[in-house]
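Here is how the chains run, residue by residue.
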Amino acid sequence: LDAELKKLLTTTEKKRDDKRLEAIGLLRGFLDSKPTGEAKAEGTFKLAELLWEESRRLFLIRMDEFARAVEKCANTKADCVQPKEPRIDLKEAAALYLELHDKHPNFRRMDLVTYLIGFAAKEDGREEEAMGRFQEVIDKYPDSSLHGDSWMMIGEHFFAKGDWVQARDAYKHVGDTAATADLALFKVAWCEWKLGNSTEAAKQFKRVLDRAYKQEREGTEAQKRRSASLREEALEYLVVVFTEDRS
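Owing to the predicted nature of the structure, the values given are computational and were not obtained by experimental measurement.

Rules and cut-offs
- Residues numbered from 1 in each chain as written.
- Predicted model: local features only at pLDDT ≥ 70, side-chain atom pairs only at ≥ 80, totals over all residues.
- Heavy atoms only, no water.
- Helix = DSSP H or I, 4+ residues; strand = E, 2+ residues; numbered from the N terminus.
- Buried < 20%, exposed > 50% of the residue type's maximum accessible area, 1.4 Å probe, protein only.
- Contact = heavy atoms within 4.5 Å.
- Areas by Shrake-Rupley, 256 points an atom, 1.4 Å probe, with all protein chains shown as cover.
- Lys, Arg positive; Asp, Glu negative; His and termini not counted.
- Charge placed at Lys NZ, Arg CZ, Asp CG, Glu CD.
- Axes fitted to C-alpha atoms, helices over the stretch in contact; angles between N-to-C directions.
- Parallel < 35°, antiparallel > 145°, perpendicular 65-115°, else oblique.
- Left-handed = near helix turned anticlockwise from the far one by under 90°.
- Nonpolar A, V, L, I, M, F, W, Y, C, P; charged D, E, K, R; others polar.
- Patch = residues over 30% accessible without salt bridge, like charges linked within 9 Å, V, L, I, M, F, W, Y side chains within 5 Å.
- Salt bridge = Lys/Arg side-chain N within 4 Å of Asp/Glu carboxyl O.
- Disulfide = S-S within 2.5 Å.
- Expected span 1.5 Å × (residues − 1).
- Core = buried A, V, L, I, M, F, W, Y, C linked by side-chain atoms within 4.5 Å.
- Arc of directions from axis to C-beta.

Peer 1: Give me the lowdown on the overall build of the protein chain, citing residues and values where you can.
Peer 2: A count of helical and extended segments in the protein chain gives 10 helices and zero strands. Its helices and strands taken in sequence order, the protein chain reads α-α-α-α-α-α-α-α-α-α from the N to the C terminus. Overall, the C-alpha framework of the protein chain stretches about 70 × 55 × 40 Å when taken along its three principal axes. Looking at the protein chain as a whole, 39% of its 247 residues are labelled buried. Contacts spanning at least 24 positions in sequence make up 53% of the contacts within the protein chain whose residues lie at least 6 apart. Working note: accessible area of the protein chain is about 15200 Å², and carbon and sulfur atoms make up 53% of it. Positive and negative side-chain charges in the protein chain, numbering 43 and 47 respectively, have mean positions lying 2 Å apart.

Now the structure itself:
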């Protein structure tokens, strides 16, 4: 980047981060004043949201430091102790979301609150608790925009365990309008392949290709990049499926 532009971006980011920290302090003070009812729920929600953003900012800084340390280690000729990859710390934000969930069950964005409690649990390695939260979103909020995302998280859980049947069945619930619909379709095809259903796997990989071509013509830039990557992988696995099927 141009030096002046880089300086401007850095200054803008610092102002944004300073405002977030100031807002966090103000919200802490507000909640210390013991508000009740809807005011407390809204204050808790906003504070959790800002703490989540701040945790993510700090995590990205640590990840950048980690990447540089790994590169330095790779370039050194002497023995080097590999740095430990950092993990995002969402504990404070998650605790506030949990308080909101338990004390204000009718809060207007309880679907999001529940999903984020699950996400934080998963990041902390508490898989079963996380899956319970995602299932809660599915059961209680079928019209939520996070319905498909919750099914995706459940699918990923079973996929990581090699439980191809449960993973496939979860991915099939993601829905065509979800942001992860193309990835879910790819994972359905993968699961069918792992289960030995080569004909069905081929059909699903073909659907991935068709969807990818459409996204590359009509989608956003982010969708185009993601679709191009999935298209290449789908083509590779489609060849593998046909090769295995004929051998």
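Peer 1: Explain the packing of helix H7 (residues 164-171) against helix H8 (residues 181-194) residue by residue, including any values.
Peer 2: Interhelical geometry of H7 versus H8 gives an angle of 155 degrees and a closest axis separation of 9 Å. The angle between H7 and H8 places the two elements in the roughly antiparallel class. In terms of crossing hand, the pair formed by H7 and H8 is left-handed. Where H7 approaches H8, its residues Trp164, Ala167, Arg168 and Tyr171 are matched on the opposing element by Ala184, Lys187, Val188, Trp190, Cys191, Glu192 and Lys194. Tallied by class, residues from the contact of H7 with H8 come to seven nonpolar, no polar and four charged.

Peer 1: Tell me about a nonpolar patch on the surface, and please be specific about residues and values.
Peer 2: Taken together, the side chains of Leu5, Leu8 and Leu9 present a nonpolar region at the surface, about 260 Å² in accessible area. Within the secondary structure layout, Leu5 lies in helix H1 (residues 3-32). A relative accessible area of 39% means that Leu5 is categorised as partly exposed.

Peer 1: Can you explain the state of the cysteines? Please cite residues and give values.
Peer 2: Here a disulfide denotes a covalent bond joining the sulfur atom of one cysteine to the sulfur atom of another. Per the counting criterion, the structure on display carries one disulfide. Here Cys73 connects covalently by a disulfide to Cys80, the sulfurs 1.7 Å from one another. Note on the Cys73 and Cys80 pair: the S-S dihedral is about -120 degrees, so by sign convention the disulfide is left-handed. Using a relative accessible area of 7% as the deciding quantity, one classes Cys73 as buried.

Peer 1: Please set out helix H5 (residues 127-140) residue by residue, giving values where relevant.
Peer 2: Taking 1.5 Å per residue as the helical rise, H5 with its 14 residues ought to reach 20 Å, and the 20 Å between its terminal C-alpha atoms agrees with that figure. All of the buried residues in H5 are Ala130, Met131, Arg133, Phe134, Glu136, Val137 and Ile138. Looking at the buried residues of H5, the elements they touch are helix H3 (91-103), helix H4 (110-123) and helix H6 (147-161).

Peer 1: An account of the nonpolar core is requested, with residue identities and associated values reported.
Peer 2: Core analysis: the largest hydrophobic core is formed by 59 residues, its most contacted members being Tyr97, Val113, Ile154 and Tyr171. The element that contributes the greatest number of residues to this core is H8, accounting for eight residues. When neighbours within four sequence positions are excluded, Tyr97 is seen to be in contact with Phe45, Ala48, Glu49, Trp52, Val113, Leu116 and Ile117.

Peer 1: Which residues make up the packing of H5 against H6, and what values do they have?
Peer 2: The interhelical angle for the contact between H5 and H6, taken along N-to-C directions, is 150 degrees, at an axis separation of 8 Å. Taken as axis vectors, H5 and H6 run roughly antiparallel relative to one another. Note on packing geometry: the crossing formed by H5 with H6 is left-handed. Residue-level inspection shows Glu127, Glu128, Met131, Phe134, Gln135, Val137 and Ile138 of H5 in contact with H6, the latter providing His147, Ser150, Trp151, Met153, Ile154 and His157. The residue makeup of the contact of H5 with H6, split by class, is seven nonpolar, four polar and two charged.

Peer 1: I'd like to hear about helix H9 (residues 198-218), residue by residue, with values.
Peer 2: For H9, built from 21 residues, the straight-helix expectation of 30 Å at 1.5 Å per residue is met to within 8% by its first-to-last C-alpha distance of 30 Å. Buried residues of H9: Ser198, Ala201, Ala202, Gln204, Phe205, Val208, Leu209, Ala212 and Gln215, and no others. In an axial view of H9, the angular spread of the buried residues amounts to 165 degrees, which keeps them on one side of the axis. In H9, the exposed positions angled more than 90 degrees off the buried face are occupied by Thr199, Arg217 and Glu218.

Everything listed is a geometric property; what it means functionally is a separate question.
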